[in-house]
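What follows is each chain in one-letter form.
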Amino acid sequence: MTFSGCQKGNDKPQSNSQNTKQKEQEKPKSKHVETLKLEGGVNWGMGNPYLHDPRGPGSQKTMFVFDTLLTEDLKGKVQLLAKEWKINDKEYTFILNDNIKWHDGKPLTANDVAFTIDYQIKHPPVSARLGNLKKNIIDSYEVVDEKTIKIKVKELAADTLDKLGGFYILPKHIWEKVEDPAKYTAPEAFIGSGPYKWGKYDGATGSYEFIANKEYYGRKPVADRVLFIPVSNSTLAFENGEIDLTGVPADLLKKYENDKRVKVIPNKDDFGFKMVINMDKKPEFKDINLRKALYAAIDREAIVEKIFRGQGSVGSAGFTPKSAKTYNEKTVEYKYNPEEAKKAFEGKNISINILAGAGGDANNLKMAELIKNDLEKAGIKVTITAVDRKVRDDRVIKQDFEFAIVENGGWASGLSTQLTSLFNDKTKYKGKGPGSMGAVGYTNDAVTELCIKQQKETDINKRIEMLKEIQLRVSQEVPMIFLATKSSYSMYKPEYYDGWQMTFSSTHMTQIKLSYVEKLPTDN
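Residues numbered from 1 in each chain as written. Predicted model: local features only at pLDDT ≥ 70, side-chain atom pairs only at ≥ 80, totals over all residues. Heavy atoms only, no water.

Caption draft 1: Seen up close, the pattern of salt bridges. Counting across every chain of the model gives 29 salt bridges. Aspartate 393 is paired through a salt bridge with arginine 55; the nearest N and O atoms lie 2.3 Å apart. Residue aspartate 393 is found in helix 11 (residues 389-397), and its partner arginine 55 is found in the loop between strand 2 (33-39) and helix 1 (56-63); the two are separated by 338 residues along the sequence. Across the pair, exposure class does not vary: aspartate 393 and arginine 55 are buried alike. Sharing partners across several salt bridges, the network here consists of Arg55, Arg392, Asp393 and Glu407. (Salt bridge = Lys/Arg side-chain N within 4 Å of Asp/Glu carboxyl O. Helix = DSSP H or I, 4+ residues; strand = E, 2+ residues; numbered from the N terminus. Buried < 20%, exposed > 50% of the residue type's maximum accessible area, 1.4 Å probe, protein only.)

The following block contains the structure:
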């Protein structure tokens, strides 16, 4: 059976009549501005597939410069480099748009796509969507002509189109000469095909400049420049016009919701904090009762109130927040019960060290201090090691910790892959980001099997049921502690720019490519 056109976020095939391709006669309704100014101040790496930080703000810097075959809007997959795509069982055919050029003026062709497949499997980038030499999703490919490539995958999976449509395409004429992409920082390393070109960058101050690509083949850039600027007070900078979008402080939410100059957008429970346990270093926590006692010992409501100022929720023991559409109502809940915790740890003489990130997100260290106080009341001796966030991430990936507090976004987004990355014993810690930082010294064959099975399930309803079953089993086993999820609110002044967009799987408007290009009448 053959399918073509646009796919929704769940990879359910749709017909060409539902394809959201741009129509030449449609006129953009976005307002063009000279400069879009956003809050900087953090070094999220450099804007290419091998040099950016694995978290969302790092990927964001690369999406300005490099394009993928497809992107996403509120309805699902839409065209980017590829104007059409067809699915015939395990074979995916992509037809490229006309007149695509690299930033150096050379044409982008299907040969570049083919080259990128081989190159990224041999040299996996930060986001290794295709896999690596040992394990990857590609069976074969065929370059039909300069604009058409057929890609055959080894097996059907729920997220195959996400992976094939979502890897950054590299210019063959540049990268075929590069043997070590992680060390390649020449100016040519930042030649992409995206709507903006790589401009100025200062990692020390977290400053970035992206310059409009006037020859862009697709929806035109909405700004001549996009800047990320370090500011000392983001709210004051927003009021003074120094930045065009920022988060809303909890104590000012009502004020700005009533401010007619400002539009406020909620982002519910999407940024989460977890406490990862290394049971190889602390084997006493292989006792499930002691892991459950950690939930009893930690006042997570206090975390929400004192650190998030009420803007958030206590973490679900099954990972997926209660506000998410795929949350399982049967997930086991654990209440704060300090007396019960004292009994569980009495006479155990347990001591732990908590690894916390300092600098970029002060909430991480503040949370560690609150948890230290709670655990010490329960009879556990606690020390805290505070290190730079990147050092913390590196140590967690290398499993060089006892307990670690890790934070990241995307917990409530669409069909989050983080749930299954964390608890698939065959893939956890294989990634470079926090989404794969699972428990160390803990395995569960039944959950791993479910993680693998749901990944291959293309029926969306069956897949959701499997995800709910994973949540239930995780909540029963408590392999790690899900502390809290933070809700945030963004605000901007629509009179200046009102083109910010969300997608099927994300509400982080500044991290969405379509926010920075012309908006069409067909867009929501």
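Caption draft 2: Spatial organisation of the pairing of strand 8 (residues 148-153). Sheet topology note: the strand 6 (residues 91-96)/strand 8 ladder contains 5 bridges and is antiparallel. Bridged to phenylalanine 94 within strand 8 is isoleucine 149. Strand direction decides the pairing type here: strand 7 (residues 138-145) and strand 8, joined by 6 bridges, are antiparallel. Bridge pairing in strand 8 places isoleucine 138 opposite valine 153. (Pairing = 2+ DSSP bridges.)

Caption draft 3: Representation of the side chain of threonine 503 within the structure. Here threonine 503 shows up in the segment after strand 18 (481-492). Accessibility expressed as a relative area gives 9% for threonine 503, which makes it buried. With near-sequence residues (within four places) excluded, threonine 503 lies in contact with Glu72, Asp73, Leu74 and Ile512. (Contact = heavy atoms within 4.5 Å.)

Caption draft 4: Geometry of the sheet that holds strand 2. Taking strand neighbours across the sheet as the criterion, the 4 strands line up as 2-11-10-9 in an open arrangement whose pairing is mixed. Each of the sheet's edge strands pairs with one partner strand only, and the pair in question is strand 2 and strand 9 (196-202). Along the sheet, successive strands turn relative to each other by an average axial angle of 15°, direction set aside. As paired elements, strand 10 (residues 207-212) and strand 11 (residues 223-229) share 4 bridges and run antiparallel to each other. For glutamate 209, the partnering residue across the bridge sits in strand 11 and is leucine 227. (Axes fitted to C-alpha atoms, helices over the stretch in contact; angles between N-to-C directions.)

Caption draft 5: Looking closely at empty space enclosed by the protein. By the definition in use, this model includes 2 cavities of 30 Å³ or more. If you trace the second largest cavity, you find it lined by Phe423, Asp425, Tyr442, Asn444, Val447, Val474 and Pro479. For the lining of the second largest cavity, the per-class residue count stands at 5 nonpolar, 1 polar and 1 charged. (1 Å grid on protein atoms, 1.4 Å probe; cavity = no way out; pocket = protein on both sides within 12 Å on 5 of 7 lines; lining within 4 Å. Points joined across faces, edges and corners; volume = space filled by probe spheres on them. Nonpolar A, V, L, I, M, F, W, Y, C, P; charged D, E, K, R; others polar.)

Caption draft 6: Spotlight on the pairing of strand 6. Counting buried positions over the 6 residues of strand 6 gives 5, a clear majority of the element. Where strand 5 (residues 82-88) and strand 6 come together, 6 bridges link them in antiparallel fashion. Note that in strand 6 the partner of isoleucine 87 across the bridge is tyrosine 92. A loop of 2 residues connects strand 5 with strand 6, the two strands running antiparallel in sequence, and aspartate 89 in this loop sits at a positive phi of about 60°.

Caption draft 7: Just helix 1, in detail. Within the sequence span of helix 1, burial applies to Gly58, Gln60, Lys61, Thr62 and Met63. Tucked into the core, helix 1 has its buried residues touching strand 10 and strand 11.

Caption draft 8: Seen up close, the nonpolar core. Core analysis: the largest hydrophobic core is formed by 68 residues, its most contacted members being Leu69, Phe94, Trp175 and Val226. The biggest single contributor to this core is helix 2 (residues 110-122), with 7 residues. What phenylalanine 94 contacts, discounting residues up to four positions off in sequence, is Leu69, Leu70, Ala82, Glu84, Trp85, Lys147, Thr148, Ile149, Ile151, Leu161 and Leu164. Core analysis: the next-biggest nonpolar cluster, separate from the first, contains 53 residues, Tyr295, Ile354, Phe403 and Ala484 among them. (Core = buried A, V, L, I, M, F, W, Y, C linked by side-chain atoms within 4.5 Å.)

Caption draft 9: Just the packing of helix 13 (residues 445-456) against helix 14 (residues 460-477), in detail. Two elements in contact, helix 13 and helix 14, have axes separated by 9 Å at closest approach and are oriented at 160°. Here helix 13 lies roughly antiparallel to helix 14, going by the angle between them. Seen along the crossing, helix 13 lies across helix 14 with a hand that is left-handed. The residues of helix 14 that touch helix 13, namely those facing Ala446, Val447, Leu450, Cys451, Lys453, Gln454 and Gln455, are Arg463, Met466, Leu467, Glu469, Ile470 and Arg473. (Parallel < 35°, antiparallel > 145°, perpendicular 65-115°, else oblique. Left-handed = near helix turned anticlockwise from the far one by under 90°.)

Caption draft 10: Spatial organisation of a positive patch on the surface. A contiguous patch of positive charge on the surface is contributed by Lys134, Lys135, Lys426 and Lys430. Positionally, lysine 134 belongs in the loop between helix 2 and strand 7. By relative accessible area, which is 85% here, lysine 134 ends up exposed. (Patch = residues over 30% accessible without salt bridge, like charges linked within 9 Å, V, L, I, M, F, W, Y side chains within 5 Å. Areas by Shrake-Rupley, 256 points an atom, 1.4 Å probe, with all protein chains shown as cover. Lys, Arg positive; Asp, Glu negative; His and termini not counted. Charge placed at Lys NZ, Arg CZ, Asp CG, Glu CD.)

Caption draft 11: Here's a closer look at the environment of proline 221. Structurally, proline 221 can be placed in the loop between strand 10 and strand 11. Exposure remark for proline 221: the relative accessible area of 10% places this residue in the buried category. In this structure the C-alpha to C-alpha distance between proline 221 and isoleucine 452, which are 231 residues apart in sequence, comes to 40 Å. Apart from the residues lying within four places of it in its own chain, the contact partners of proline 221 are His32, Pro195, Tyr196, Ala212, Asn213, Tyr216, Tyr516 and Val517.

Caption draft 12: Molecular detail of the packing of aromatic side chains. Within the structure shown, the criterion is met by 29 aromatic pairs. Each ring, one from tyrosine 201 and one from tyrosine 208, has its centre 5.1 Å from the other, and the planes form 45°; the classification is tilted. Looking at tyrosine 201, the relative accessible area reads 27%, which means it is partly exposed. Both rings, one in tyrosine 208 and one in phenylalanine 228, keep their centres 6.1 Å apart while their planes meet at 80°; by these two values the pair is edge-to-face. With a gap of 20 residues between them, tyrosine 208 in strand 10 and phenylalanine 228 in strand 11 connect regions that are remote in the sequence. (Phe/Tyr/Trp six-rings, centres within 6.5 Å; stacked < 30°, edge-to-face > 60°.)

Caption draft 13: Inspection of unusual backbone geometry at higher detail. The backbone of aspartate 269 sits at a positive phi, close to 50°, despite the residue not being glycine. Mapped onto the elements, aspartate 269 comes out in strand 13 (residues 263-277). The buried category is assigned to aspartate 269, whose relative accessible area is 2%. For valine 478, which is not glycine, the phi dihedral falls at a positive 50°. On the basis of relative accessibility, which here comes to 1%, the residue valine 478 falls in the buried class.

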